Amino acid sequence: MIDFLIIGGGIAGVSAAARLSELGSVTLFEGEDALAYHASGRSAALFEQNYGKPSTIALNKASYAFHKSADVLSPRGLMLVGDAETAAAFAADRKAMHLDSITVAEAKAMVPILDDSVVDRAAFDTAASDIDTDKLVQTFARMARQNGATISTKARVESIDRNATGWTVHTGTETFEARHLVNAAGAWVDEIAAMAGITPLGFTPLRRSMARIPAPGGHDVSGWPMIFGPGENWYAKPDAGALIVSPAEEDPVTPHDAYADDMVLAEGLARYEANVTEPVTRLLSSWAGLRTFSKDRTLVLGPDSGDPSFIWCAGQGGYGMQSAPAASQLLYDLIAGAPSELPKDTVAALSPQRFA
């Protein structure tokens, strides 16, 4: 019998596998052909410690040392730009993310395509970093395998049954028994819970579309920061010599292999274009991902209130990559009965017990 059967091979599931494999035998199932296929493989890949709810920020900060030791961070910087019409949202974002005010001239020196006839205020954080998401996923996968964990792709769960000692999980070809079931299924977490006879907690997958465009005006964008509009109503980020632009929408959808909405993408590109001097003339590619949130937009980490052998690792939203080291460590601590380095109010805010 397996000690921990993990459903989901995104960053949530793989990091959980790495930690829990120190406590017992682990098998991880990912239904797709590769790990990190859905949301984890479509991340904006930014580490910004002050991004998210208070409990998420606590996880971000507690994750920093692991990210540094894994050598997955590289300098990027985060810039917020705005105008008189967006002054209130700009001020709220600057305060929430502890950004330093800079002049428009300083902003243009970093991003020369900013339109200073429109943009009249800017703020910046030098500490924001890119995350090498593939390296992070593979770091956790390697940790798990070194501890004897089995990681299986193309292993789609078809049914789950409760038994006297734990769980029986059926894939298309095999049956497995496990003492604990870890639900790290991303947008599908409520579906997995229902399949297991556990009360779903009300997660909502939200689509976010992306467009990859050529470097504006032929500029070298490699040193540009990530750029946000106030209220996160658009953002742009360098990507391998090109620029990713997103409308940053949060449209509720059912769990599926997401794709970009052309109309929403066009609206977002228009918001981006309103702040720069270079128009978007063509797309190199487009895609979308699902950012899945709980009802209070806070991660859900730990044993279910009705059945402690069912463990939630869910609701990462857009924060999974940056929070995974501390989130998975908290799972380990909760299951091992070890004291957590996180504040007690943070642990309580993340617990499934809040929905009991």
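Residues numbered from 1 in each chain as written. Predicted model: local features only at pLDDT ≥ 70, side-chain atom pairs only at ≥ 80, totals over all residues. Heavy atoms only, no water.

The protein chain is annotated in an unreviewed UniProt entry as Glycine/D-amino acid oxidase of Yoonia rosea.

We now examine the pairing of strand β19 (residues 300–303). Two elements, β19 and strand β20 (residues 310–314), share four bridges in a ladder whose sense is antiparallel. The residue of β20 that forms the bridge with P303 is I311. Taking the residues between adjacent antiparallel strands as the criterion, β19 and β20 are bridged by six residues. (Pairing = 2+ DSSP bridges. Helix = DSSP H or I, 4+ residues; strand = E, 2+ residues; numbered from the N terminus.)

Take the domain arrangement of the protein chain next. For the protein chain, the assigned domains are domain 1 (2–66 + 132–203 + 295–355) and domain 2 (78–125 + 206–291). Placing the centre of domain 1 and that of domain 2 at their C-alpha centroids yields a distance of 30 Å. Each partner contributes residues to the interface: domain 1 has 16 residues there, and domain 2 has 22 residues. With both sides pooled, the region where domain 1 packs onto domain 2 buries about 1500 Å², and carbon together with sulfur makes up 54% of that total. For the interface between domain 1 and domain 2, the tally reads one salt bridge. The salt bridge partner of R297 is E250, with a shortest N-O separation of 2.9 Å. Between domain 1 and domain 2 we count three residue pairs in polar contact (both at pLDDT 80 or more) in total. Taken together, the residues of the side of domain 1 that touches domain 2 break down into eight nonpolar, four polar and four charged. (Domains from an automatic or database assignment. Contact = heavy atoms within 4.5 Å. Buried area = accessible area lost by both parts, 1.4 Å probe. Salt bridge = Lys/Arg side-chain N within 4 Å of Asp/Glu carboxyl O. Polar contact = N/O pair within 3.5 Å; in protein donor to acceptor, adjacent residues only side chain to side chain. Nonpolar A, V, L, I, M, F, W, Y, C, P; charged D, E, K, R; others polar.)

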